[in-house]
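So you can see what is in the structure, the chains are spelled out below.
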Amino acid sequence: MSNWQYPFDDKYLREHFGKLSENRKKLGLGPHRGTDWSNGLKPGALIPAVTDGTIKLIQYSECLGWVVVQDGKADGKTLYVGYCHLFCSTHGAECKGPAVGCKTPLRNAKVGDKVTAGQKFIRLGNSGKCSSGAHLHATLSNTLKGVFAGTVYDLHAFITKQLQKGVTAPTKTAKKTEVKKCPTCGKAE
């Protein structure tokens, strides 16, 4: 059985999964594909892993900025947690990734490294064109690159279920949204 936890207390929640805020409507975006934590958190704040697993991907996205994906287990299935808009250890919260020669936001971690629930291994940032201030945008998917395109699930609701009822994988009836493109850069968000 894997350990699951929220990355931050609920008092830091900013935008929930599936919500269509006025700002998202104004930008021509669809429902939110993740859960955002930021209220009162400062750029560079350490982010703990939400479950035990392995870092599977570190990638820059024009929309999502620096993204780290780790795997995790629930009900014998492998799931993927995406942490987005991350702080760069070289260029800070506003890193522009490859545009400034940056190759990774993590100074002491790499793909293949193990993480445990609660281990602080990445930092809160504001990277990527789809970010509007330093925050953690976190997703849950059943595919490695689901954070970028494809089906994503409500990570907050999933963790709540893990804490209340034990480990269960998201089902086909889990809340999901369709892929929308960023109006600024045209890439899937």
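Structure shown above.
Quick caveat: nothing in here was measured; it's all calculated off a predicted structure. (Residues numbered from 1 in each chain as written. Predicted model: local features only at pLDDT ≥ 70, side-chain atom pairs only at ≥ 80, totals over all residues. Heavy atoms only, no water.)

K.L.:
Summarise the state of the cysteines; cite the residues concerned and give the values.
P.N.:
By definition, a disulfide links the sulfur atoms of two cysteines through a covalent bond. Here the structure, examined in full by the defined rule, presents 1 disulfide. Disulfide pairing is shown between Cys 63 and Cys 130; the S-S distance is 2.0 Å. Judged by the torsion about the S-S bond (-115 degrees), the Cys 63/Cys 130 disulfide is left-handed. A residue pair is termed long-range when its members are at least 10 positions apart, and Cys 63 in the loop between strand 4 (53-61) and strand 5 (65-74) and Cys 130 in the loop between strand 8 (120-123) and strand 9 (136-141) qualify at 67 residues. A disulfide-free cysteine, Cys 84 has its sulfur positioned 8.9 Å from the sulfur of Cys 63, the nearest such atom. Residue class for Cys 84 comes out buried when judged on its relative accessible area of 0%. Among the cysteines around Cys 95, which has no disulfide bond, Cys 88 carries the closest sulfur, lying 3.7 Å off. (Disulfide = S-S within 2.5 Å. Helix = DSSP H or I, 4+ residues; strand = E, 2+ residues; numbered from the N terminus. Buried < 20%, exposed > 50% of the residue type's maximum accessible area, 1.4 Å probe, protein only.)

K.L.:
Could you give an account of the nonpolar core, with specific residues and numbers?
P.N.:
Grouped together as the largest cluster of nonpolar side chains are 35 residues, with contacts concentrated most on Trp 4, Tyr 83 and Leu 136. Sorting the residues of this core by element identifies strand 4, strand 5, strand 6 (77-84), strand 8, strand 9 and helix 2 (155-165) as the ones contributing at least two each. Core analysis: the second largest hydrophobic core is formed by 8 residues, Leu 64, Val 69, Val 147 and Phe 148 among them. (Core = buried A, V, L, I, M, F, W, Y, C linked by side-chain atoms within 4.5 Å.)

K.L.:
Outline unusual backbone geometry, listing residues and values.
P.N.:
Positive phi is not limited to glycine here, since Asp 75 has a value of about 55 degrees. Tracing the chain through its elements places Asp 75 in the loop between strand 5 and strand 6. Even without a glycine there, the phi angle at His 85 is positive, about 65 degrees. With respect to the helices and strands, the residue His 85 is situated in the loop between strand 6 and strand 7 (114-115). Here His 85 falls in the buried class, since its relative accessible area comes to 2%.

K.L.:
Any details on the pairing of strand 9? Residues and values, ideally.
P.N.:
Burial analysis of strand 9 places 6 of its 6 residues in the buried class, the great majority of the element. Because side chains alternate across strand 9, one face comprises the buried residues Leu 136, Ala 138 and Leu 140, and the other comprises His 137, Thr 139 and Ser 141, equally buried. Judged from the 3 bridges that link them, strand 2 (residues 35-37) and strand 9 form a sheet pairing that is antiparallel. Residue pairing in the sheet places Trp 37 in a bridge with Leu 136 of strand 9. (Pairing = 2+ DSSP bridges.)

Read these as spatial facts, not as claims about activity.
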